[in-house]
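Tertiary structure, described
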Amino acid sequence: MSVKAFRGEILHFVEDPASTPCQDKEQAEQSSYQYFEDGILLIENGKIKQLGTAKAMLADLEHSLEIQHIENGLIVPGFIDTHIHYPQTEMIGSYGEQLLQWLEDYTFPTEKKFADKAYATKISEFFLNQLLANGTTTALVFGTVHAESVNAFFEVALAKNLRMIAGKVMMDRNAPDYLLDTAQSSYQQSKQLIKDWHGKGRLQYAITPRFAPTSSDEQLSLAGKLLKEHPGVYMQTHLSENLKEIEWVKSLNPDCENYLDVYKKHQLLGSRSVFAHGIHLCDAEYSDLSQSNSALSFCPSSNLFLGSGLFKLDVAQQHNIKVGLGTDIGAGTSFSLLETLKDAYKTQQLRGKKLDSLQSFYLATLGGARALDLEGTVGNFQVGCEADFIVLDYHATPLMKLRLEQCQSLAEKLFSFTILGDDRAVKATYIQGELAEVNCD
Ligand SMILES: [Zn+2]
């Protein structure tokens, strides 16, 4: 039996600060999190055993137990990225286009390379090291159309003992021939990948139609069939990101009332379905997402980079829709969820809305876990959760040290992390209580 204890400043969320049922906003926020200025996180066999103040816990701990002290840092649960494409790592910052042209000019030629498993393995290794360096311990990940891209990714993720969800892209039309599968082959290959990987270690599978324009009706209906045949498996796709895309979806599906309706028709909504973007949604789409308990992935850095639009976070919240954060690499411009939160803040400012730092940290941790239907598994320090956590460094850069010394409250400190922080602010990443080796060469 392995027991470990970490002592220092600790924060985690137990509720959504925006929706805690309290009259008083301040009280609601306070009951949404637990914060220990001098706390102890006790871990047994990779899972959270206990969390409390050092004062209360020290007397009961075995005297022989070595306690690791964390100084000038804040222990928080590992970040959760609910939308990211690992094969697009090498094409971050591809210039000048909006979604559809950007896919054609940059994405498709890059994804072609992942037919080669050795190449896919090399990029998976690089990608997962980037996630860990940025404090992201769980992600919902797109592969390419090639089954081998997913085999490569899962092999590397398994060796690192990570909780990752991924899937093979299903795409049988409106893309270059070299990237197309067929409805039948995508069904067979996805089925085989589910059999090989879903539930192995901490890995889970996501059925992954790229988006409505690149899947025929037959393919989407087989995706729905897969979802029904394999309870517990995820579904990830894109929704309503760009205005031209929405027009295109309408012209391809004249029988559907709106974009989401295309997925709904094929039974792709549900508590393990995650739709990336959802920027330009109508009321009927918001209510269908809410009623089906589907999640939206909010990807502000990508939305700004591709000029897609501003996500309506408050509207999604009013409809009680689960929302997680996504970097959407490679349309997103950073692997860091801290940098993503900086962009999230700015997108809401442009809409005349505020995104406070408690809500931000909730979205990056427990909010992401809820979006992925993983509450109780990761996302906070509830007893029994897997001990994936990170240490944020108050002294990461001279500027952060100077700024953070001026901060009076926890909310101010968290806000400084989101505005000034990036991978340098992540001092260490722990996977099931073990310090992760991060190799970013
Ligand atoms: Zn995407």
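Definitions and limits used
Residues numbered from 1 in each chain as written. Predicted model: local features only at pLDDT ≥ 70, side-chain atom pairs only at ≥ 80, totals over all residues. Heavy atoms only, no water. Helix = DSSP H or I, 4+ residues; strand = E, 2+ residues; numbered from the N terminus. Rg over C-alpha atoms; globule rule 2.2 N^0.38 Å. Buried < 20%, exposed > 50% of the residue type's maximum accessible area, 1.4 Å probe, protein only. Contact = heavy atoms within 4.5 Å. Areas by Shrake-Rupley, 256 points an atom, 1.4 Å probe, with all protein chains shown as cover. Lys, Arg positive; Asp, Glu negative; His and termini not counted. Charge placed at Lys NZ, Arg CZ, Asp CG, Glu CD. Donors = N, O, S within 2.8 Å, 3.2 Å for Na, K, Ca; no water. Tetrahedral: all angles 85-135°; square planar, octahedral: opposite > 155°, others 65-115°. Pairing = 2+ DSSP bridges. Salt bridge = Lys/Arg side-chain N within 4 Å of Asp/Glu carboxyl O. Polar contact = N/O pair within 3.5 Å; in protein donor to acceptor, adjacent residues only side chain to side chain.

Bringing the overall build of the protein into the picture now. On a plain count of helices and strands, the protein comes out with 16 helices and 16 strands. Its C-alpha atoms give the protein a radius of gyration of 21 Å, near enough to 22 Å, the size a compact globule of 441 residues would have. Taken over the C-alpha atoms alone, the protein extends approximately 65 × 45 × 40 Å along its principal axes. By residue count, 60% of the 441 residues in the protein fall in the buried class. A separation of at least 24 residues holds for 77% of the contacts in the protein among residues at least 6 apart in sequence. By element, 48% of the accessible surface of the protein is carried by carbon and sulfur atoms, the whole surface being about 17,200 Å². The centroid of the 39 positive side-chain charges in the protein is displaced by 1 Å from the centroid of its 56 negative side-chain charges.

Surrounding the zinc ion are the protein donor atoms H83 (NE2), H85 (NE2), H238 (NE2) and D328 (OD), which sit 2.1 to 2.4 Å from the metal. Considering all four donor atoms around the zinc ion, the spread of angles at the metal, 86 to 170°, places the coordination shape in the irregular class. Summarised as a motif, the one-chain spacing of the donors to the zinc ion is H-x1-H-x152-H-x89-D. With H238 in strand 10 (residues 234-239) and D328 in the loop between strand 13 (322-325) and helix 13 (337-350), this pair connects stretches of sequence that are 90 residues apart. Residue H238 is classed as buried on the basis of its relative accessible area of 7%. Given the relative accessible area of 3%, D328 is considered buried.

So, about the environment of K225. Structurally, K225 can be placed in helix 7 (residues 217-229). The partly exposed category is assigned to K225, whose relative accessible area is 40%. C-alpha of K225 to C-alpha of H266: the two residues are 41 residues apart in sequence and 8.4 Å apart in space.

Moving on, we get to the sheet that holds strand 3 (residues 47-53). An order of 3-2-1-4-14-15-16 is seen for the seven strands of this open sheet, with the pairing classed as mixed. Each of the sheet's edge strands pairs with one partner strand only, and the pair in question is strand 3 and strand 16 (434-435). Where strand 2 (residues 33-44) and strand 3 come together, six bridges link them in antiparallel fashion. Residue pairing in the sheet places I43 in a bridge with I48 of strand 3.

A full pass over the atoms with the stated rule returns 26 salt bridges. Close ionic contact of K160 with E125 constitutes a salt bridge, the shortest N to O distance being 2.7 Å. Residue K160 is located in the loop between helix 5 (147-159) and strand 7 (163-167), and its partner E125 is located in helix 4 (residues 117-133); the two are separated by 35 residues in the primary sequence. By relative accessible area, which is 21% here, K160 ends up partly exposed. Residue classification places E125 among the partly exposed residues on the basis of a relative accessible area of 34%. Of the charged contacts, one joins D217 and K265 as a salt bridge, the two residues approaching to 3.4 Å between their closest N and O atoms. Taken as a pair, D217 in helix 7 and K265 in helix 9 (residues 259-265) lie far apart in primary sequence, 48 residues in all. D217 sits in the partly exposed class, given a relative accessible area of 38%. Its relative accessible area of 35% is what places K265 among the partly exposed residues. Salt bridges linked by common partners bring R163, R202, E386 and D388 together as one network.

Let's shift gears to the side chain of T82. Relative to the elements of secondary structure, T82 occurs in strand 5 (residues 79-85). Here S297 takes part through its side chain, which lies 2.7 Å from a polar atom of the side chain of T82. Once you skip the residues sitting within four places of it in the chain, T82 turns out to touch L140, V274, S297, G324, L325, G326, G368, A371 and L372.

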